[in-house]
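Structural characterization, general
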Amino acid sequence: MLVRLGSMLVLLAALAGGFEGQNTARAQVLPGSASAEAAGASPELPEELSPEIIDQLMGKLSDEQVREILRTELVRRADEATARQDEGSQALIALQTRAQEMSVEIRSRLERWVGDIYNITNRSEEVEKRLARAENGVGGMITASLAVLLAGIGSAAVIHLMTVKWRRLLADTQTESYWEKVVRTLVLGVVEILPVVAFFFATQTVAPFWSAELGPLGGQIWIYNVGVTYSWVALVIARRFLTPRLRQIRIAPFSDEVALGTYRLLRQAVLIGAFGWIFGGFFPNLGLGFGPALMLVMFCGLAVAVLLALSVVRNRAAIQDTMGTVLNVQEQSGFLPRVVALATPALLIVYVVFAALFWVAHWIERGQHQLAGPLGTVIVVILLPIADRFGREVISSCMTIRSDIGVRMEYALHQIWRMIVVFVSLLVALNLWGLDIIALAKSEDASVWASTGFDIAITLLIGSIIWRLIRAALHSERKVSAGGEDDSENVQSSRFDTLTPLLRNTLLAFLATVIAMIILSSVGVDIGPLIASAGIVGIAVGFGAQTLVKDIFSGIFFLIDDAFRIGEYISLDEKTRGEVEAISIRSLQLRHHRGAVITVPFGELKQVTNHTRDWVIYKMSFRLEPDTDPQHVKKVVKRVGAEFLEHPEHGAKFINQLKSQGVHYIDDDSALVMRVKFTCVPRAQFILRREIYHRLRAVFAEEGIQFARRKVEVIGQEGNEAPVAIPPEELEKAAGANKPSADAQ
């Protein structure tokens, strides 16, 4: 029995670990067979297993074979664990070794370069030998160099003059269309590249004819041509993207000051770099060695770094303001955007220092430029606002619906575009520094932590995108009234606005659960048992939380019946009433007109009276003198009702005109009680009743209609002058009978 149990465990372990046999031809040789025992081979497992094969293996495995398979499996797992532990230490050792090798090489090269500069006077013979290659001497060499230079500059000047009208035509516009600006900028950039192309071809064409006169400077022509061409093209691209002096076609979201300052800074950096490259080429071509040339280029690179750092320090306030605008930092913004905006200058200085040290180290070690990372990252950062503006314009052009949901969806898509641009820019920047994240995470030999981290990042990115779309599609603004009688605005929400928060929260919970499951699966957690246990826990919770389930289902049916909505005024009983302020999955919150918040579970709702649905009938009573003519009063009320219908502010609040209902009853103290009524939109009755009362009081006075005063008659006994006191209870009873009926609505 123990042998069978051990065999089953070994088979399960082999299945889980993908155990492979040793037979390269994939021959399915069963352990314990005669051929295997005769050959003395170690036990093997076939690559493809089925229930039938497992049954055969269970019957044919011996104790020795079980031990052998178990030992092999344990050794394999131990080797994998050791390899994982050694992976981090090996990477650290490799990094330390690389740093030591670089430091040794840098020290050696610096010593050699300093020696070359110190002994530069000893290379006079080599210089004379190089100068002797020029057929017409030094004067002819200088003349030939000037001729090549003038040929390139002259060709560029001719093309520049020929395209003056084109450039003026492209820049002469006052359009507000973004796409027209893009087209004009791109075409103008192509036009400005034409002189550079003319310079390059003219220089390359003329130089061979003067090769004999150039002598040692023949190799300098290539250095000069490359340096000028690359620098010129870089300045054209920067000028077209920033457009410092052509605001009317600028596509970058920069102010005039920022655009001009950034362009001047880039121009100075490019000119310093071009100076070091071009003049550094004279040293090796004239026989002075590579040491001085490399040192000159290194000092020019450090000068560029110092220039950038000083510019960041001088313009730190403008940088903080620009970053605050990009991050939309306001007074109510969170802590993180504010910190990022304030720390941006310091982060830029740290980056400039790090990039300069990185470039200098590689330049000294290998004598080669490593500008892809330092310079490429700067270009990516400069292009971020332009890419952001481009995406916003594309989304705005595609979103033709200008409703509230269209505006929200446009904003959400813009935020999603920003997230994608930042994510892609981060991948590109890391790739420029030699760190290919995708290859690092998804290659065959990728480490587990890299693959898992990349999967988690992608999952969170997709989840954030989906949630932004859900929040834009299912958005509802909270509508709350002032809570007073003067609040005549109807603020109740639609049925969709009422159900939206519940649906949005449900989708959020579902999305968060799915993302959590995916992340757990990525880190190696088996989510199958979690799903099964979640079902069991759900059943247990259902039995133990019957009241909660009752509240949830009651709320669902109340919402299906559309009994109330956000912003409506309802009453549940004589004491519980208020405006529906919030609805959760199990309860609703009422805001009493005095400010108290009442939370009522749905399961406790028996009857709901909605006072603000569709329309309201309001009745007002007036106590008039007994001799008042009811027909006269009816005509006056009808005329006042017509005036209110024509009122510019209150007319739209009426559904049915103010009219008289005639005599309501005759008071015991000989007063005629008449009643008027009107139908209006919900919540408008409070302000309308006040205005109607003031207007009717004034009109009644004009028409001679008098309000009745309350009277109390005291009747004495016959023949006795002394009055008889009426008991207090009789007075209270009489006052109660004379009191007008309560306003009904």
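The rules behind each value
Residues numbered from 1 in each chain as written. Predicted model: local features only at pLDDT ≥ 70, side-chain atom pairs only at ≥ 80, totals over all residues. Heavy atoms only, no water. Buried < 20%, exposed > 50% of the residue type's maximum accessible area, 1.4 Å probe, protein only. Helix = DSSP H or I, 4+ residues; strand = E, 2+ residues; numbered from the N terminus. Arc of directions from axis to C-beta. Contact = heavy atoms within 4.5 Å. Pairing = 2+ DSSP bridges. Core = buried A, V, L, I, M, F, W, Y, C linked by side-chain atoms within 4.5 Å. Patch = residues over 30% accessible without salt bridge, like charges linked within 9 Å, V, L, I, M, F, W, Y side chains within 5 Å. Areas by Shrake-Rupley, 256 points an atom, 1.4 Å probe, with all protein chains shown as cover. Salt bridge = Lys/Arg side-chain N within 4 Å of Asp/Glu carboxyl O. Axes fitted to C-alpha atoms, helices over the stretch in contact; angles between N-to-C directions. Parallel < 35°, antiparallel > 145°, perpendicular 65-115°, else oblique. Left-handed = near helix turned anticlockwise from the far one by under 90°. Nonpolar A, V, L, I, M, F, W, Y, C, P; charged D, E, K, R; others polar. Phe/Tyr/Trp six-rings, centres within 6.5 Å; stacked < 30°, edge-to-face > 60°. Lys NZ or Arg CZ within 6 Å of the ring centre and 35° of its normal.

It is worth spelling out helix 7 (residues 164-171) at this point. Looking at helix 7, one finds that the buried residues are Val 164, Arg 167, Leu 170 and Ala 171. Considered in projection along helix 7, the buried side chains sweep an arc of 135 degrees and stay on one side of the axis. Seen from the buried face of helix 7, the exposed residues on the opposite side, beyond 90 degrees, are Lys 165 and Leu 169. Each element contacted by the buried residues of helix 7 is listed here: helix 6 (137-162) and helix 8 (178-206).

Pairing between the strands of a sheet is mediated by backbone hydrogen bonds and can be parallel or antiparallel. Sheet architecture is open: 5 strands sit in the order 4-3-2-1-5, paired in antiparallel fashion. If you trace the sheet from one side to the other, it starts and ends with strand 4 (597-601) and strand 5 (609-610), each paired once. As paired strands, strand 3 (residues 587-591) and strand 4 are joined by 5 bridges and run antiparallel to one another. Looking across to strand 4, one finds that Leu 588 is bridged to Val 600.

Another aspect to go through is the side chain of His 592. Tracing the backbone shows His 592 in the loop between strand 3 and strand 4. Setting aside its immediate chain neighbours within four residues, His 592 contacts Arg 577 and Gly 578.

As a further point, take the nonpolar core. Generally speaking, soluble globular proteins have nonpolar side chains that are buried together. Among the nonpolar cores identified, the biggest contains 24 residues, and Phe 678, Ile 692 and Phe 700 are the most heavily contacted of them. Among the elements of the structure, strand 6 (616-624), helix 23 (630-645), strand 7 (654-666), strand 8 (672-680) and helix 24 (685-703) are those that each provide at least two residues to this core. Top element by residues in this core is helix 24. It accounts for 6 residues. Filtering out sequence-adjacent residues up to four positions away, Phe 678 remains in contact with Val 616, Ile 617, Tyr 618, Met 620, Phe 654, Asn 656, Gln 657, Leu 658, Gln 685, Leu 688, Arg 689 and Ile 692. Counting residues in each nonpolar core, the second largest holds 14 residues, with Ile 566, Leu 572, Phe 602 and Leu 605 among its members.

Together, Ile 237, Phe 241, Leu 371, Leu 375, Ile 379 and Leu 383 make up a nonpolar patch on the protein surface, roughly 480 Å² of accessible area in all. Elements with a minimum of two residues in the nonpolar patch: helix 10 (218-242) and helix 16 (372-398). If one sorts the elements of the nonpolar patch by residue count, helix 16 sits on top with 3 residues. Mapped onto the fold, Leu 383 is located in helix 16. For Leu 383, a relative accessible area of 33% gives the class partly exposed.

In the contact formed by helix 17 (residues 404-432) and helix 19 (residues 448-473), the axes pass within 8 Å of each other and the chain directions differ by 165 degrees. If you check the angle between helix 17 and helix 19, you find them roughly antiparallel. Read as a crossing pair, helix 17 and helix 19 show a hand that is right-handed. Contacts from Ile 405, Arg 408, Met 409, Ala 412, Leu 413, Gln 415, Ile 416, Met 419, Ile 420 and Phe 423 of helix 17 reach helix 19 at Ile 458, Leu 461, Ser 464, Ile 465, Arg 468, Leu 469, Ala 472 and Ala 473. Residues of the contact of helix 17 with helix 19, tallied by class, amount to 14 nonpolar, 2 polar and 2 charged.

Under the criterion given, the structure shown has 13 salt bridges. Its salt-bridge partner being Arg 130, residue Glu 126 comes within 3.1 Å of it at the nearest N-O pair. With Glu 126 and Arg 130 both in helix 5 (residues 124-131), this residue pair falls 4 residues apart, about one helical turn. Classification of Glu 126 by relative accessible area gives partly exposed; the value is 25%. Under the relative-accessibility criterion, Arg 130 is labelled buried at 19%.

Scanning all chains against the criterion turns up 20 aromatic pairs. Each ring, one from Phe 358 and one from Trp 433, has its centre 4.8 Å from the other, and the planes form 65 degrees; the classification is edge-to-face. Separated by 75 residues along the polypeptide, Phe 358 in helix 15 (residues 335-366) and Trp 433 in the loop between helix 17 and helix 18 (437-442) bring together distant segments of the chain. Relative accessible area serves as the criterion here: at 22%, Phe 358 is assigned to the partly exposed category. Ring pairing ties together the aromatic residues Tyr 351, Phe 354, Phe 358 and Trp 433, which thus form one cluster. One Lys or Arg, Arg 697, reaches over the ring of Phe 707 and ends 5.8 Å from the middle of that ring.

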